[in-house]
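# Commentary on secondary and tertiary structure
Next come the chains, spelled out residue by residue.
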Amino acid sequence: MAEKPWNGRFSQKTEGIVESFTSSINVDKRLYAQDIAGSIAHCRMLAKTSIITEEESSRLVKGLLKIKKDIESGRFKYNDSLEDIHMHIESRLAADIGKAALKLHTARSRNDQVALDIRMYMREESLEIIDGLIDLRKILLSLAGNHTGTIMAGYTHLQKAQPVLFAHHLMAYYEMFSRDTDRMRDCQKRINVMPLGSAALAGTTYPIDRKYTAGLLDFPKVSANSIDSVSDRDFIIEFLASASICMVHFSRLSEELVIWSSYEFNYIELPDAFATGSSIMPQKKNPDIPELVRGKTGRVFGALFALLAIMKSLPLSYNRDMQEDKEPVFDAIDTLKACIGIYIKMLPNLKINKDVMLKGASSGYLNATDMADYLVTKGMAFRDAHACTGKAVRYAIGEKKELHELTLEEMRLFSSLFSSDIYDVLTPASMIERRKSSGGTATENVLRAIKKAKRDIGKECQKKASK
Ligand code: ARG
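So, here's what we can say about the structure. Just so we're clear, the structure is a prediction, and the values are computed from it rather than from any experiment.

This paragraph deals with the site of the ligand. By nearness alone, every residue bordering the ligand is listed as Ser-24, Asp-84, His-86, Arg-110, Asn-111, Val-114, Tyr-318, Arg-320, Gln-323 and Lys-326. With respect to the ligand, the side chain of Gln-323 contributes an N or O atom lying 2.8 Å from a nitrogen atom. Between the ligand and Lys-326, the relevant distance is 2.6 Å, taken from an oxygen atom to a side-chain nitrogen or oxygen of the residue. When isolated, the ligand has an accessible area of 340 Å², and the protein chains bury 86% of it. The element best represented in the shell around the ligand is helix α6 (residues 110-146), accounting for three residues. In terms of residue class, the shell around the ligand is built from two nonpolar, four polar and four charged.

This brings us to the layout of surface pockets. Roughly 900 Å³ of internal volume is contained in the largest pocket. In terms of lining residues, the largest pocket is bounded by 40 residues, among which His-168, His-169, Met-171, Ala-172 and Tyr-173 are the most central. Among the secondary structure elements, those contributing two or more residues to the lining of the largest pocket are β1 (151-156), β2 (159-165), α7 (166-191), α10 (234-260) and α19 (443-466). Here the element with the most residues in the lining of the largest pocket is α7; it accounts for ten residues. Broken down by class, the residue content of the lining of the largest pocket amounts to 16 nonpolar, 13 polar and eleven charged.

In this section: the packing of α6 against α10. Remark: α6 packs on α10, axes separated minimally by 12 Å, with the N-to-C direction vectors making an angle of 20°. By the angle class used here, α6 and α10 are roughly parallel. For the pair α6 and α10, the crossing hand works out as left-handed. Residues Ile-118, Arg-119, Met-122, Ser-126, Ile-129, Leu-133 and Leu-136 of α6 form the contact with α10, whose own contacting residues are Phe-235, Ile-236, Phe-239, Cys-246 and Phe-250. In terms of residue class, the contact of α6 with α10 is made up of ten nonpolar, one polar and one charged.

So, how was this worked out
- Per-chain numbering applies: the sequence of each chain, read as written, is numbered from 1 onward.
- The predicted origin of the model limits local features to residues at a pLDDT of at least 70 and limits the giving and counting of side-chain atom pairs to 80 or more, whereas totals for whole chains, interfaces and linings rest on all residues.
- Hydrogens and water molecules were not included; the side-chain quantities draw on all heavy atoms of the structure.
- A single heavy atom is enough: if one lies within 4 Å of a molecule or strand, its residue is considered near that molecule or strand.
- The term polar contact refers here to a pair of N or O atoms within 3.5 Å; inside protein, the definition further demands a hydrogen-donor-capable atom paired with an acceptor-capable atom, and it admits residues adjacent in sequence only when both atoms are side-chain atoms.
- Exposure was quantified through the Shrake-Rupley algorithm and a 1.4 Å probe, taking into account, for residues, occlusion by the shown protein chains and nothing else.
- Secondary structure is summarised from DSSP: a helix means a run of H or I of at least four residues, a strand means a run of E of at least two, and numbering begins at the N terminus for each.
- In this count, Pro and Cys sit with the nonpolar residues alongside Ala, Val, Leu, Ile, Met, Phe, Trp and Tyr, while Asp, Glu, Lys and Arg are called charged and the others, Gly among them, polar.
- Only protein atoms enter the calculation, which uses a 1 Å grid: trapped sets of points that fit a 1.4 Å probe without letting it out are cavities, open sets showing protein on both sides within 12 Å along at least five of seven lines are pockets, and any residue with an atom within 4 Å of a point is a lining residue.
- Grid points are joined across faces, edges and corners, and a volume is the space filled by probe spheres set on the points.
- Fitted lines through C-alpha atoms give the axes, limited to the stretch in contact for helices. The angle between two N-to-C directions lies from 0 to 180 degrees.
- An angle below 35 degrees is treated as roughly parallel, one above 145 as roughly antiparallel, one from 65 to 115 as roughly perpendicular, and anything else as oblique.
- Here a crossing is called left-handed whenever its near helix is offset anticlockwise from the far helix by less than a right angle, and right-handed whenever the offset is clockwise.
- Between two residues, a contact is recorded if the distance between any of their heavy atoms is within 4.5 Å.

In structure tokens:
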């Protein structure tokens, strides 16, 4: 059992069961690189402000870099009695370099240390998520570009409503994932604030230079209030809320892929490499991948609720409850990244059954609104036109015909305003082309939207490269 740093104050040894209960090493060992980078910056600052000597600082830095190597090569030994990654590294440093190690924790507490580590970790991960979302949006754009001539039924209430371009439908997801990218970027502003130097809660008596440490660690800002710095996990909650919204979008797309790949719809076929079979029914090809993405959405929501529940009503400042923040956030990050990765690979390989989609848009009275609009152009008020077309639909259902299959005489049973130009209005293509209102599905609008999105994405990529 390792010596505890607080042994001076204690007369009893920690119970074994308490050691495993309080230990978080299995979870927070992920933060080793951030912990070491933070400690190195802290050492340099301590030397710069003459709180320790340059010689002590360089011994500490060397020792820390050696520990990093050992962790990365798998030589580092973990042990529950050392609780967390911070104590593991510090105690190993003492074993390696002796007395100089005892100075590392000057003007620092694990409270500000852990806040720093998780912020550094999340800023790296959220950048990766942003990059992944940009790649996903590029894939959606190129798929939309290939389908500006593909017509499908648009739905409300999962009932056929009006025809739309498949590209327009895909661009709806492009918009959702663009907002997700923006939200992730916005979170970064709050993540990217340096808490170190807040010490346990009240700041420190040493003449530290927080701005210097922040510069070394590439933080644009230092936190303003030491109590808030060790208590704040808003940035995690905000990140998880953004991740949850993004997963809502993935779950909706997944649900559509599940429905569309069903025998009944047959709008798409999933690539064999992204589907699974059944162990008993030889004919089956199951959409397990989108189903799992849909299911994993629950894990990310769970992480958000966990953080909200952990933080609710905690008195200021640090409380040990907050150690429970890491497992959910790590899991949410892994899950979101995995879903982005899967979709980037799966989407370009979908087989789109254009003919089936077009057929779906050509029956089921999707042209009823356009028949009513036609009557309006001939002078009828919209409410009257709606009622009149409703009667025509009822009649057509009885005759087992579509609206465009009614003869002119049959249509004139409902209004004398119908003439032969009605048939041009009722085709899926003309219904699409006439929806030119801004944001509507007309081909020229969709092409313009794709062009604009390509420009926007190009700018985002440039920004990324120049960063
Ligand atoms: N493992 C702890 C955590 O994740 C580090 C901070 C411990 N601080 C303390 N005062 N016990 O929150």
